[in-house]
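Here are the chains, one letter per residue:
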Amino acid sequence: MATPKPLPTDPIAEAHRHWSAHGWGAVADGMAAVTSLMRAQQIMLARVDEVLRPLDLTFARYELLMLLLFSRRGALPLNKIGSRLQVHPTSITSAVDRLEARGQVRRTPHPTDRRAILAEITEEGRATALAATEKLNDTVFADPGLGDGGVRTLIDVLTDLRRAAGDF
């Protein structure tokens, strides 16, 4: 992916200036924080997508494969996957459908609950998850683009935000 040419000025700082000039100065910092967070998410998602695209994965499907890979038996009920990944059941069904079509997961009956279905990672899914992780570790996770101490600070700030929102 070609790196876009940097803008001559920071558009979020410019929006902050306009917010203040229009009488919303008391909330201008909050607007800048939210807008910066949204832009940072776009930047990170673009970096991750660039790595995962050749493996025909989205980040959501990658997370699902990794959740199954890390589970004790390599299989979890679909409702537990949704809960752990904090996404709607329809999104889990869609992701499992795509991964199943590629031979990376299979649906199996739950051994003790006839109403539940498990998603189980296959050897192909395991290999894909590990290949994706190796590439993400080398190209994104090793250098998320923050200076010394910035990564730990960001984790702490976002953990506080998530805790305050009732995420955990």
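Since the structure is predicted, the reported quantities are computational estimates derived from the model, not experimental observations.

Definitions and limits used
- Residues numbered from 1 in each chain as written.
- Predicted model: local features only at pLDDT ≥ 70, side-chain atom pairs only at ≥ 80, totals over all residues.
- Heavy atoms only, no water.
- Patch = residues over 30% accessible without salt bridge, like charges linked within 9 Å, V, L, I, M, F, W, Y side chains within 5 Å.
- Areas by Shrake-Rupley, 256 points an atom, 1.4 Å probe, with all protein chains shown as cover.
- Salt bridge = Lys/Arg side-chain N within 4 Å of Asp/Glu carboxyl O.
- Helix = DSSP H or I, 4+ residues; strand = E, 2+ residues; numbered from the N terminus.
- Buried < 20%, exposed > 50% of the residue type's maximum accessible area, 1.4 Å probe, protein only.
- Phe/Tyr/Trp six-rings, centres within 6.5 Å; stacked < 30°, edge-to-face > 60°.
- Contact = heavy atoms within 4.5 Å.
- Polar contact = N/O pair within 3.5 Å; in protein donor to acceptor, adjacent residues only side chain to side chain.
- Pairing = 2+ DSSP bridges.
- Axes fitted to C-alpha atoms, helices over the stretch in contact; angles between N-to-C directions.

Novice: Any chance you could explain a nonpolar patch on the surface here in plain terms?
Specialist: Together, Leu-146, Val-151, Leu-154 and Ile-155 give the surface a local cluster of nonpolar side chains, amounting to about 290 Å² of exposed area. Along the chain, Val-151 turns up in helix H6 (residues 150-164). Exposure remark for Val-151: the relative accessible area of 34% places this residue in the partly exposed category.

Novice: It is not clear to me how the packing of aromatic side chains should be interpreted in this structure. Could you clarify?
Specialist: Aromatic ring pairs are reported here in terms of the distance separating the ring centres and the angle at which the planes meet. Enumeration according to the criterion identifies two aromatic pairs in this entry. Residues Phe-59 and Tyr-62 carry aromatic rings whose centres are separated by 6.0 Å and whose planes lie at 35 degrees to one another, so their mutual orientation is tilted. Placement of the pair is Phe-59 and Tyr-62 together in helix H2 (residues 59-70), with a separation of three residues, close to one helical turn. According to the relative accessible area criterion, Tyr-62 is buried, its value standing at 6%.

Novice: So what exactly am I meant to see when it comes to the environment of Arg-102 here?
Specialist: Structurally, Arg-102 can be placed in the loop between helix H4 (89-101) and strand S2 (105-109). Spatially, the C-alpha atom of Arg-102 lies 8.6 Å from that of Glu-124, the residues being 22 residues apart in sequence. In this structure, Arg-102 is in contact with Leu-55, Asp-56 and Glu-124, ignoring residues within four places of it in sequence. A polar contact is formed between the side chain of Arg-102 and the side chain of Asp-56, at a distance of 3.1 Å.

Novice: What's the story with the sheet that holds strand S3 (residues 117-121) in this structure? I'm lost.
Specialist: Consider a sheet: its strands pair through backbone hydrogen bonds, and that pairing is either parallel or antiparallel. The sheet built from three strands is open, its strands ordered S1-S3-S2 with antiparallel pairing. Sheet topology places strand S1 (75-77) and S2 at the edges, where each strand pairs with a single neighbour. On average, adjacent strands in this sheet sit at an angle of 30 degrees to one another, irrespective of strand direction. Here five bridges tie S2 to S3, and the two strands are oriented antiparallel to one another.

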